[in-house]
Amino acid sequence: MHSPGTAGPAAKTKGIEEKPHYLGHRDRLRERFASAGPDALPDYELLELLLFRLIPRADTKPVAKALLSRFGTLAEVLGAPVGLLQEVKGVGPAVALDLKVIAATAQRMARSEVHGREILSSWQQLLDYCRSAMAFEAREQFRILFLDKKNTLIADEVQQTGTVDHTPVYPREVVKRALELSATAIILVHNHPKMPILIPPVHALSR
């Protein structure tokens, strides 16, 4: 027992709000990112960093791990439809929409990096570009990259969108559009929504 004039433990802490445990974790994670760079962080921690701003008053580590467990990779999380994202505990409509905004920004960056450059000089760059543009589409797409004589990208267009496992291809329309753009070569790409990796068949067509 405490004497009448002595404050007990509860009285000493009364009025002092204890900080949530995840606040210190957030600071440490930000410091690691700033000092060591993004390559030092696994996917779930990079996703945590994104979620810090989207979910300011909660521990985002369980949410990040749940998203990766559901969808597989960071790219697949960002590529997932809004409806599926919201099925993960802790992800509401606003967070799901914000993740899609981040995904759209990343896709725009990838396209900007490729557009106006000799994309055939790097096969991996071409694959990364195609994945960012269409790997997570729910339906098959037939996409065409039009290039000039220096293998520089002129245009990137979706010619046809089909079903989950089929998309039509019309050679006459492909050639017609290539001539309209004065393209000297084209790259034909299509995705496989049921497959985890985009497999782009590539064909070059000279005028």
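Calculation rules
As a convention, each chain's residues are numbered from 1 in the sequence order in which they are written. Given that the model is predicted, a residue must reach a pLDDT of at least 70 before its local features are reported, and side-chain atom pairs must reach 80 or more before they are shown or counted; all residues, however, enter totals for whole chains, interfaces and linings. Calculated side-chain values reflect all of the structure's heavy atoms, with hydrogen atoms and water omitted. Put simply, DSSP H or I for four residues or longer makes a helix, DSSP E for two residues or longer makes a strand, and each gets a number counted from the N terminus. With a 1.4 Å probe rolled over the protein chains alone, any residue whose accessible area is under 20% of its type maximum counts as buried; one over 50% counts as exposed, and the rest are partly exposed. Each residue after the first adds 1.5 Å to the expected span of a helix. Every case where a carboxyl oxygen of Asp or Glu lies within 4 Å of a side-chain nitrogen of Lys or Arg is listed as a salt bridge. Residue contacts are counted whenever heavy atoms from the two residues lie within 4.5 Å of one another.

1. Here we look at unusual backbone geometry
When glycine is set aside, most residues are seen to have a negative phi, and most peptide bonds are trans.
Phase 1: With a phi close to 65°, N151 is a non-glycine residue in the positive phi region.
Phase 2: With respect to the helices and strands, the residue N151 is situated in the loop between β1 (141-147) and β2 (153-161).
Phase 3: Relative accessible area serves as the criterion here: at 28%, N151 is assigned to the partly exposed category.
Phase 4: Even without being glycine, S182 reaches a positive phi, approximately 60°.
Phase 5: Mapped onto the elements of the fold, S182 is located in the loop between α9 (171-180) and β3 (185-190).
Phase 6: We classify S182 as partly exposed; its relative accessible area is 44%.

2. Comments concerning helix α3 (residues 43-54)
Phase 1: With twelve residues, α3 should cover 16 Å at 1.5 Å per step; its first-to-last C-alpha distance of 17 Å lies within 8% of that length.
Phase 2: Those residues of α3 lying buried are E45, L47, E48, L49, L51, F52 and L54.

3. Digging into the pattern of salt bridges
Phase 1: The full count for this structure, using the stated rule, is six salt bridges.
Phase 2: The salt bridge partner of E87 is R70, with a shortest N-O separation of 2.8 Å. Here E87 is found in the loop between α6 (82-85) and α7 (93-114), whereas its partner R70 is found in helix α4 (residues 61-71), with 17 residues between them in sequence.
Phase 3: By relative accessible area, which is 53% here, E87 ends up exposed.
Phase 4: D156 is paired through a salt bridge with R143; the nearest N and O atoms lie 2.8 Å apart. With D156 in strand β2 and R143 in strand β1, this pair connects stretches of sequence that are 13 residues apart.
Phase 5: The class for D156 is partly exposed, based on a relative accessible area of 22%.
Phase 6: According to the relative accessible area criterion, R143 is buried, its value standing at 7%.
Phase 7: Through salt bridges that share partners, E157, R177 and E180 make up one connected network.

4. Some remarks on the environment of F33
Phase 1: Note on placement: F33 falls in helix α2 (residues 21-36).
Phase 2: Of the residues examined, F33 reaches a relative accessible area of 36% and is grouped as partly exposed.
Phase 3: Contacts of F33, omitting those with residues within four sequence positions, involve P38, L41, L46 and L49.

5. Comments concerning the pairing of β1
Phase 1: Counting buried positions along β1 gives seven out of seven residues, so the element sits mostly inside the fold.
Phase 2: The alternating pattern of β1 places Q141, R143, L145 and L147 on one face and F142, I144 and F146 on the opposite face, and all of these are buried.

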